[in-house]
Amino acid sequence: MLPPRFLKPNSKPCVVQAIFKLCSQGHLSQAVDSLDLLARKGQRLDSQTLAFLLQQCANSHSLKEGKLVHLHLKVTGRKKPDTLLSNHLIKFYCRCGEHVEARKVFDKMSARNLYSWNSMLSGYAKSGMIKPARRLFDKMPERDVVSWNTMVVAYAQSGCCYEAWMFYLDFRRSAIGFSEFSFAGVFTVCVKLKELGLTRQVHCQVLVAGFLSNVVLSSSAVDAYAKCGEMSDARKLFDEMGVRDVLAWTTLVSGYAKWGDMQAASELFDAMPEKNPVSWTALIAGYARNSMGNKALEMFSKMMMFRFRPDQFTFSSCLCACASIASLKLGKQIHAYLTRTGFRPNAIVISSLIDMYSKCGSLGDGRRVFDIMGNKQNCVLWNTMLSALAQHGYGEAATKMYDDMVRSDVKPDRITFVVILNACSHSGRIEEGLACFHSMTCDHGIVPDQEHYACLTDLLGRAGRFDELMNELEKMPCKADGLVWNALLGVCRIHGNLELGRKAAEKLIELEPQSSAAYVFLSSIYSALGNWESVEKVRHLMNKRCVKKERAISWVEIRNKHHAFTVSDRLHPSNEEICSVLELLAGQMEEDA
């Protein structure tokens, strides 16, 4: 904003120049402090100078200084500022999150223009205050493109996708015109809903309107297609973009990584003319998510070498990579880096640290990370620690921690109950698990879903309480899916319940034709019954559907290098040496026995 050009008769141009110079040098506090001296001398600045000061306060979120400017208005006879100053006051208070004060200024205005309404509306919207924004919008005597855009974006960013879409349709029907920003909110809806038909419809509207050259809108369209899994459409649109910024490149890299095409993601990343921490993190997260932990950590090392500053998401992904390959040493190095650099990790990074220590066999270190965390009001932290205890077989400690969580006024979510039910199941705490399952709805208002019923199946099935289990499954509010039948198959295998196991296997094959476990178990049942004809039919069906039994992978870390192998693996370069050592160990075990 340029410095004001004229003052009231009793003001001096040099005063304004001095204020403007202080602001340009970053001395906003000194500039505002000079107002008190001017007031005592009876000098009164013009509206444009004061509006300039309020703009500086808004830009820097300087609440104290802005309030002093507002006070100066009152003591110099402007208890009811003109429209210009009132609009700047509203904008300042909204930027600083003081919506009550902003509304007081708005309500006292004797004359409001469209900018006044839009400023107040934008303040509510940017703070996620949807209901007050909607009430204000409904009262507006006049609306423009900015008013409608603000509401569409506000609903979309708050997750109210249906309302955002309805608002967008009403907006387009109003025939008041539109701008490039009119499509920003509706693209957010497309990304969140992952609706391919809707994405194509909005894409066509942007194309017809002639705004596809806008790099932000084109990147949003690429992101929407990628979220829908339509990577060919996303790539085609990306290739057609005349101008691509780092956001457009990163969006496509992230899309490939999300759907597991790490080769395409890596090639695109290497071709990027410019990279930033977000693009590096997108690739690292992709490798970590797709069970390529070594590659994720290799990319993290390169990122640090090129002096890109990692963020919370980077560290979380790297810690997940360490957990996936059980590399305690590398996980500790990342933890040490966080401590050494004074990085303040958020709840997600802390949870990733706990998970890493737990999966690397160092539960005590994970518990210490949890204990020293100051603010424990985030449910994710408790869920991660509960899961760590459950995985290590500490069912009693997990149930005790769950009680501590409830006493700490931390509201459990659906994941909490999945974890605690698993903990009770694997530690034989049947009654506590049942009580927890029934308290979900009664005490916490959470309706059990398929995953909860799968946990309940495992809980009762491991205890051999099949009659009670089937009664619970009959009460399910929805039809059992693969999760539940898979859990039932597992407990039938444990107890040798062939008849129920056969039924579960047949259901699972019907629901998940590529599930190898169901075919294998069904084949073993028929073998046990001597029904070799049925065994042959099952194996023929597996071959016809190209179903292969999943092979487990093991790994070992030797001298900072990870080696992965499967059963009957003969591809390792040190295969002969490994086999000879295993033979020696096997012989020693036989002697000891």
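These figures come from a predicted structure and were not determined experimentally.

Glancing now at a nonpolar patch on the surface. Taken together, the side chains of I578, V581, L582 and L585 make up a nonpolar region of the molecular surface, amounting to roughly 340 Å² of accessible area. Structurally, the position occupied by I578 is in helix α33 (residues 575-592). Among the residues examined, I578 registers a relative accessible area of 37% and is labelled partly exposed.

Attention now goes to the packing of helix α9 (residues 145-157) against helix α11 (residues 184-193). Running from N to C, α9 and α11 cross one another at 20°; their axes reach a closest spacing of 8 Å. What the angle tells us is that α9 and α11 run roughly parallel. Our pair here, α9 against α11, has a crossing hand that is left-handed. Every residue of α11 that contacts α9 at V152, V153, A156 and Q157 is listed here: G185, V186, T188, V189 and K192. Its residues placed into classes, the contact of α9 with α11 shows 5 nonpolar, 3 polar and 1 charged.

Our focus in this paragraph is the confidence of the model for the protein. Looking at the protein, pLDDT values average 87 and 93% of them are 70 or higher. Counting interchain partners and residues more than four positions distant, the pLDDT-below-50 stretch residues 1-11 has 29 contacts.

Moving on to the pattern of salt bridges. Two side chains bearing opposite charge may form a pair once their charged atoms approach each other closely. Enumeration according to the criterion identifies 24 salt bridges in this entry. Between R173 and D170 there is a salt bridge whose closest N-O contact spans 2.9 Å. Here the residue R173 and the residue D170 both occupy positions in helix α10 (residues 161-173), the gap between them amounting to 3 residues, near one helical turn. R173 sits in the exposed class, given a relative accessible area of 60%. Note on D170: relative accessible area 38%, which makes it partly exposed. The salt bridge involving R407 is made with D404; its shortest N-O contact spans 2.5 Å. In this pair, R407 and D404 are both assigned in helix α24 (residues 395-407), 3 residues apart and thus about one turn of the helix distant. Looking at R407, the relative accessible area reads 60%, which means it is exposed. Relative accessible area serves as the criterion here: at 24%, D404 is assigned to the partly exposed category.

At a minimum axis distance of 10 Å, the contact between helix α26 (residues 430-444) and helix α27 (residues 450-462) shows a crossing angle of 160°. Taken together, α26 and α27 sit at an angle that is classed as roughly antiparallel. For α26 against α27, the interelement crossing comes out left-handed. On the side of α26, the interface is formed by I430, G433, L434, F437 and M440, while α27 contributes H452, Y453, L456, L459 and L460.

How each quantity is defined
Residues numbered from 1 in each chain as written. Predicted model: local features only at pLDDT ≥ 70, side-chain atom pairs only at ≥ 80, totals over all residues. Heavy atoms only, no water. Patch = residues over 30% accessible without salt bridge, like charges linked within 9 Å, V, L, I, M, F, W, Y side chains within 5 Å. Areas by Shrake-Rupley, 256 points an atom, 1.4 Å probe, with all protein chains shown as cover. Salt bridge = Lys/Arg side-chain N within 4 Å of Asp/Glu carboxyl O. Helix = DSSP H or I, 4+ residues; strand = E, 2+ residues; numbered from the N terminus. Buried < 20%, exposed > 50% of the residue type's maximum accessible area, 1.4 Å probe, protein only. Axes fitted to C-alpha atoms, helices over the stretch in contact; angles between N-to-C directions. Parallel < 35°, antiparallel > 145°, perpendicular 65-115°, else oblique. Left-handed = near helix turned anticlockwise from the far one by under 90°. Contact = heavy atoms within 4.5 Å. Nonpolar A, V, L, I, M, F, W, Y, C, P; charged D, E, K, R; others polar. pLDDT = per-residue confidence, 0-100.

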